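# Geometric and topological summary
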Amino acid sequence: STPKIACSPFSNFAGNIVTNANFENLTGTLPDGWVNQQATLTQDNTNTASGKGYSINVAHNGATGRLKFLFTTAQVNALRGNWITASCLVRKPSGVSQYAGRMTIEATGLATGELASYATSDGDGGFHREVLSFFISESVTALELRLYAGTSFGSGAGDNASYDRCTISVGKLPCDVAFI
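### What to know about the sheet that holds strand β4 (residues 39-44)
Here 5 strands make up an open sheet; going across it, the order is β4-β5-β12-β7-β10 and the pairing antiparallel. Each end of this open sheet is capped by a strand with a single partner; those strands are β4 and β10 (127-136). With strand direction ignored, the average angle separating the axes of adjacent strands in the sheet is 30°. Relative to strand β12 (residues 160-170), strand β7 (residues 82-91) is paired through 7 bridges, and the arrangement is antiparallel. Each residue of the ladder has a partner; that of Ala86, found in β12, is Ile168.

Shown next, in the form of structure tokens:
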């Protein structure tokens, strides 16, 4: 069963599992270490929050419109029995749907294998932080972090969002850090 802990001390977090978290390195338009699933991708050096000079804009282009980070089998095996916390800075332009700029953690091997960030209408053109914590049970066989342009239900034409500073660390949402 899932352990019932409220949060983890920030000192418990170590490293970042995500490669190319600031979207600096691309092969063509695809960020190195990521997989495109029916999205139009653009490296954005205007709307950035990382201080590294880039974010990635994910625009809806088909049935799903998302960018995915796939965990390796070795990573999944090592993470079983642990909480992970995923976090990205997300910029939703004004005028996009409430479903733009969502992220999910997808797990294969569970009856309900998804944890999604909330759909909001906060497309004010600035960056905000999305954070998800997810327990990796022993039955999990595959994991993905998905960054959406819009809804995964086929609509969302014109939706887009920019992502920056994506991290995945072992531990549950830190309880001794002020998010501002």
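### Focus on the environment of Phe23
Along the chain, Phe23 turns up in the segment before β1 (26-27). Taking relative accessible area as the criterion, Phe23 reaches 0% and is therefore assigned buried. Remark: the alpha-carbon pair of Phe23 and Tyr54, spanning 31 residues in sequence, is separated by 6.3 Å.

### A word on the pattern of salt bridges
In this structure the tally under the stated criterion is 3 salt bridges. Among the salt bridges present, the one from Glu144 reaches Lys68, with a minimum N-O distance of 3.7 Å. With Glu144 in strand β11 (residues 142-148) and Lys68 in strand β6 (residues 66-70), this pair connects stretches of sequence that are 76 residues apart. With respect to class, Glu144 is no different from Lys68; both count as buried. Close ionic contact of Arg146 with Glu106 constitutes a salt bridge, the shortest N to O distance being 3.6 Å.

The rules behind these values
- Residues numbered from 1 in each chain as written.
- Predicted model: local features only at pLDDT ≥ 70, side-chain atom pairs only at ≥ 80, totals over all residues.
- Heavy atoms only, no water.
- Pairing = 2+ DSSP bridges.
- Helix = DSSP H or I, 4+ residues; strand = E, 2+ residues; numbered from the N terminus.
- Axes fitted to C-alpha atoms, helices over the stretch in contact; angles between N-to-C directions.
- Buried < 20%, exposed > 50% of the residue type's maximum accessible area, 1.4 Å probe, protein only.
- Salt bridge = Lys/Arg side-chain N within 4 Å of Asp/Glu carboxyl O.

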